[in-house]
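# Observations on the model geometry
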Amino acid sequence: MSNPLVGIIMGSDSDLDIMSAAAKTLDEFGVANEVRIVSAHRTPDEMADYAKSAEERGIKVIIAGAGGSAHLPGMTASETTLPVIAIPIRKSESHEAFWSNIKMPPGIPLATMPENSARNGALLAVRILALNDPQLARKYSDFVAKQRDEVLDKDAQLQSKGWESILNG
Ligand code: RP5
């Protein structure tokens, strides 16, 4: 995509099933984004180059997802002053990526989402970009209003037809 505003990076193609939700969400809002595999451990030089050059390429926010020891989001935050949103990827019963992402030292902020929450990470990126983009801010307000209406409709259905109507579709 040309002139991406959001960089979506992940440690492995095996993270794409989770991280694709970030790209889909940004596409919904018409936010230009790029999707890259950038591994902190297997391609450390490329990771540093990506983070260091992101701002001059016009990227405003980076969403970084990784599993396992999950050093990618934190190391990316160390190599850029752009806001970095971490998506800890959970593939097993343990929570090591989450714990790794939230244990950043003072001075290096990292906005860590709940495990596998690539959609919320993208929504946070939209909120950041909307600060300087009135059209995007309107789209986000419309999105909030639509969510509200959907809940109110469900509640009205529940009250008029009973909870069974919701459970049975
Ligand atoms: C991490 O190691 C990646 O983010 C991925 O979640 C995990 C395993 O990678 P693969 O062995 O599936 O490539 O760096």
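Structure's up top.
Bear in mind that the values here come from a model prediction, so they are computed numbers and not experimental data. (Residues numbered from 1 in each chain as written. Predicted model: local features only at pLDDT ≥ 70, side-chain atom pairs only at ≥ 80, totals over all residues. Heavy atoms only, no water.)

### Description of the packing of aromatic side chains
- Scanning the model with the defined rule gives four aromatic pairs in all.
- With centroids separated by 5.9 Å and ring planes inclined at 25°, the aromatic side chains of phenylalanine 29 and tyrosine 140 adopt a geometry described as stacked. With a gap of 111 residues between them, phenylalanine 29 in the loop between α1 (16-28) and β2 (33-37) and tyrosine 140 in helix α6 (residues 134-161) connect regions that are remote in the sequence.
- Ring centres of phenylalanine 98 and tryptophan 99 lie 5.6 Å apart, and the angle between their planes is 70°; on these two criteria the pair is classed as edge-to-face.
- Among the residues examined, tryptophan 99 registers a relative accessible area of 49% and is labelled partly exposed. (Phe/Tyr/Trp six-rings, centres within 6.5 Å; stacked < 30°, edge-to-face > 60°. Helix = DSSP H or I, 4+ residues; strand = E, 2+ residues; numbered from the N terminus. Buried < 20%, exposed > 50% of the residue type's maximum accessible area, 1.4 Å probe, protein only.)

### Digging into the pairing of strand β4 (residues 84-88)
- Of all five residues in β4, five are buried; the element is thus mostly enclosed.
- Neither face of β4 is left uncovered, since the one carrying Val84, Ala86 and Pro88 and the one carrying Ile85 and Ile87 both have all their residues buried.
- Pairing geometry for strand β3 (residues 61-66) and β4, over five bridges, is parallel. Directly across from glycine 65, in β4, lies its bridge partner isoleucine 87.
- Read as a crossover between parallel neighbours, the route from β3 over helix α3 (residues 72-79) to β4 is right-handed.
- With two bridges connecting them, β4 and strand β5 (residues 111-112) associate as parallel partners. (Pairing = 2+ DSSP bridges. Right-handed = clockwise from strand over helix to strand, strands pointing away.)

Note that every value here comes from positions in space, so none of it alone points to a role or purpose.
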